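As a plain string of letters, each chain reads:
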Amino acid sequence: MGLLDKFRKGLEKSREAVWGRLAQAFSRQRLDDTVFDEMEEALLAADVGVETSVWLVEQVRKKAREQRIATPEELPALLQQAMEEALAGMDVTMRTAAAGPSLYLVVGVNGVGKTTTIGKLGHRLVQRGARVIFAAGDTFRAAAIEQLQAWGKRAGCDVVHHSQGADPAAVVYDAIAAAKARRADYILCDTAGRLHNKAHLMAELSKIHKVVSRELPGAPHEVLLVLDGTTGQNAMLQTKAFKEVVQVTGIAVTKLDSTAKGGVILPIVREFRVPVKWVGLGEGIDDLEPFDPSSFAHALCRS
Amino acid sequence: MLEGLANSLQRALAKLKAKGKLTEEDVQEAMREVRLALLAADVNVKVVKDFVERVRARAIGQEVQQSLTPGQQVVKIVYEELTELMGGSQTRLRMAPHPPTVVMMVGLQGSGKTTTTAKLALSFRRHQHRPLMVAADVYRPAAIRQLEVLGRQIDVPVFSLGEGEDPVRIAEAGVAEARRMGADVVLIDTAGRTHVDEALMQELERMQAQVHPDEVLLVVDAMMGQDAVHVAEAFHTRLGVTGVVLTKLDSDTRGGAALTIRAVTGCPIKFVGMGEKIEPLEAFHPDRLASRILGMGDVLSLIERA
Ligand SMILES: Nc1nc2c(ncn2[C@@H]2O[C@H](COP(=O)(O)OP(=O)(O)OP(=O)(O)O)[C@@H](O)[C@H]2O)c(=O)[nH]1
Ligand SMILES: Nc1nc2c(ncn2[C@@H]2O[C@H](COP(=O)(O)OP(=O)(O)OP(=O)(O)O)[C@@H](O)[C@H]2O)c(=O)[nH]1
Ligand SMILES: [Mg+2]
Ligand SMILES: [Mg+2]
């Protein structure tokens, strides 16, 4: 048997969901170290990361000791509680301008779901009676403008755009002017996907940010960082870099309709104190929900 | 955080001084740090467990090279195992004995399928092939347009039937069109889908049954986390993936998902994507990724000189 075959055979045992194993641990008779080890492993398997997994398990241990808990069945509740505490105290509402249009800048690495999230968010705002303008600030990717236009049509939002290759800051400038002229309530700015480790692309984003704050007092009212829920520990580096360059005010986590748990937001919120405001649960126009820490924690601990 | 792990590893390794053979203790200590490095790199937790266990067993009792400390020796073994695990077998594309060669591009949403399709088409064109790209994503807004724009950019024809047609039909008609026009490679760009979307997974199965692809390439974002294990397993079980393309490796990810996928499917990683620009795809180098996953560049360069 080759190296790889042996390896795969070993893996076969892991077929059942990790959380299934956790449930198994919770149903053990005695509360011993194995239970806590399994809990840590389940957290790692949900992308929570080493530091925060260890920390969460420690919180649960402490709580169990304090409350003199002797059987594992009570642990999921404690774990959920620890997670909710870690996510607590964050303002998840979207800020708006006192007068005039509110501008939201949407940023993130390639393919995470920025344009789609703008489409869904626009739809939500329109449904509540708002007038919304999309700014096609991705002038780089092939057919990015057409994609945003398609979403504009679906959601009932105007799209301000230039052609491919144009200066994105100029597009945003025009969108602000259009919003003022048309008395729009919101401007949602799409931007090209960019890797956080590429200095020139981050500098371009910083320039867009500057134009926005110069042209519209108080703007951007939100800088939404979109994170792909299937991303691993790299999401930490993404958050750090975007926060430094454009002062991220909120996070949208997409693609949580897959089997990924998006557990990486736990270390992100713990370390960077940026609130998660939205979750993406599919490709449809209605598949955007406000983030709810307790249902998120519940999904992580019980399913 | 990554720095922290690298430093603690260095410390752990420094403690181990040169001796004749690796003892259980030497190995145990170094493997603890290796485990953390692999987890920080997003290698699936179960894969890490199995890997660490096997390497640990292999390492105990091995001779320590004169120029290395026991800790470095363990890392050397880990590095070699990682490289071997990710390498092996042929990494060229399988060409059909009677053209056209049909390639299906599949994967999660936003992983880089359309971009990679264009990059692959460009690679073929540069090698005197006549590729045809088929736009079989009728779901994502402007997906067809995206492929058309890229096709024009690299001077490769694009076949489409618009958004109102069944993707399976489009793929079939695309292959027929390739025959008609004498294209020898057909690259089918499919819509992104989650592996738990039953209807869309069945669509891929039907497409495969109709066009009999020579290659089914799973396109995976190198920044992917722990869930790579489920994604790879699902796509592989249903379609028999023949190769993996690892995209966005120009990021600063450690790329541990690649190890997970390789371990789960056994499929070779055939290419890597290193940017948004449409340039020919780059070949995959197992040793480079192994060193990246371990994140122990200085130790490894030391080992290489030894
Ligand atoms: N399943 C699922 N797919 C999503 C979700 N959000 C976005 N997508 C899909 O992910 C893919 C990429 O989405 P986009 O909105 O184009 O992402 P982007 O960040 O704008 O991409 P770039 O502009 O290329 O950087 C598309 O196929 C979307 O339909 C989600 O919540 N769930
Ligand atoms: N930096 C970088 N970006 C990439 C790479 N490959 C693709 N991208 C970008 O990732 C984003 C998504 O790429 P697409 O090719 O549209 O992905 P897809 O899998 O076809 O997406 P869907 O059709 O929506 O599922 C785009 O912004 C691409 O430019 C890569 O290797 N490096
Ligand atoms: Mg976009
Ligand atoms: Mg695509």
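As shown above, the structure is provided for reference.
Residues numbered from 1 in each chain as written. Chains lettered and ligands numbered in written order. Predicted model: local features only at pLDDT ≥ 70, side-chain atom pairs only at ≥ 80, totals over all residues. Heavy atoms only, no water.

Visitor: Before we go on, may I ask you to explain the pattern of salt bridges in this structure?
Guide: Two side chains bearing opposite charge may form a pair once their charged atoms approach each other closely. Residues and elements named next belong to chain B. Applying the stated criterion across every chain, the model contains 31 salt bridges over all chains. A salt bridge links Glu81 to Arg54, with the shortest nitrogen-to-oxygen separation between them at 3.5 Å. Of this pair, Glu81 sits in helix 4 (residues 70–86) while Arg54 sits in helix 3 (residues 45–59), and the two are 27 residues apart along the sequence. Classification of Glu81 as buried rests on a relative accessible area of 5%. Of the residues examined, Arg54 reaches a relative accessible area of 24% and is grouped as partly exposed. We note a salt bridge from Asp221 to Lys248, for which the minimum N-O separation is 3.1 Å. In this pair, Asp221 is assigned in strand 5 (residues 215–221) and Lys248 in the loop between strand 6 (243–247) and helix 10 (257–265), connecting sequence segments 27 residues apart. (Salt bridge = Lys/Arg side-chain N within 4 Å of Asp/Glu carboxyl O. Helix = DSSP H or I, 4+ residues; strand = E, 2+ residues; numbered from the N terminus. Buried < 20%, exposed > 50% of the residue type's maximum accessible area, 1.4 Å probe, protein only.)

Visitor: It is not clear to me how the packing of helix 2 (residues 24–40) of chain B against helix 3 of chain B should be interpreted in this structure. Could you clarify?
Guide: The description of two packed helices rests on the angle between their axes and on the distance between the axes. All names here are of chain B. Helix 3 packs onto helix 2 with a crossing angle of 155 degrees between their chain directions and a minimal axis gap of 10 Å. The pairing of helix 2 with helix 3 is recorded here as roughly antiparallel in orientation. The interaxial crossing formed by helix 2 with helix 3 has right-handed handedness. Residue-level contacts link Glu24, Val27, Gln28, Met31, Arg35, Leu38 and Leu39 of helix 2 to Val45, Val48, Phe51, Val52, Val55, Arg56 and Ala59 of helix 3. (Axes fitted to C-alpha atoms, helices over the stretch in contact; angles between N-to-C directions. Parallel < 35°, antiparallel > 145°, perpendicular 65-115°, else oblique. Left-handed = near helix turned anticlockwise from the far one by under 90°. Contact = heavy atoms within 4.5 Å.)

Visitor: It is not clear to me how the sheet that holds strand 1 (residues 102–107) of chain A should be interpreted in this structure. Could you clarify?
Guide: Remark on secondary structure: sheet strands pair via backbone hydrogen bonds, oriented parallel or antiparallel. Residue and element names in this part refer to chain A. Taken in spatial order, the 8 strands line up as 3-2-4-1-5-6-7-8 in an open sheet, and their pairing is mixed. Edge positions in the sheet fall to strand 3 (158–160) and strand 8 (288–290), since each has one partner strand and no second. Strand-to-strand twist in this sheet, taken as the mean axis angle between neighbours without regard to direction, amounts to 25 degrees. Along the sheet, helix 8 (residues 168–182) makes contact with strand 1, strand 2 (132–137), strand 3 and strand 4 (186–191), crossing strand 2 at roughly 165 degrees. The sheet strands contacting helix 9 (residues 199–215) are strand 1, strand 4 and strand 5 (222–228), and the helix crosses strand 1 at an angle near 180 degrees. (Pairing = 2+ DSSP bridges.)

Visitor: Explain empty space enclosed by the protein here, please?
Guide: To find leftover empty space, one rolls a probe the size of a water molecule over the atoms. Within this structure, the stated rule accounts for 3 cavities of 30 Å³ or more. Empty space within the largest cavity amounts to approximately 90 Å³. Taken together, 13 residues line the largest cavity, and the ones lying closest to its centre are Thr230 of chain A together with Leu108, Ser111, Asp221 and Met224 of chain B. Counting residues per element, the lining of the largest cavity draws most heavily on strand 5 of chain B, at 3 residues. Along the lines of polarity and charge, the residues of the lining of the largest cavity split into 5 nonpolar, 5 polar and 3 charged. (1 Å grid on protein atoms, 1.4 Å probe; cavity = no way out; pocket = protein on both sides within 12 Å on 5 of 7 lines; lining within 4 Å. Points joined across faces, edges and corners; volume = space filled by probe spheres on them. Nonpolar A, V, L, I, M, F, W, Y, C, P; charged D, E, K, R; others polar.)

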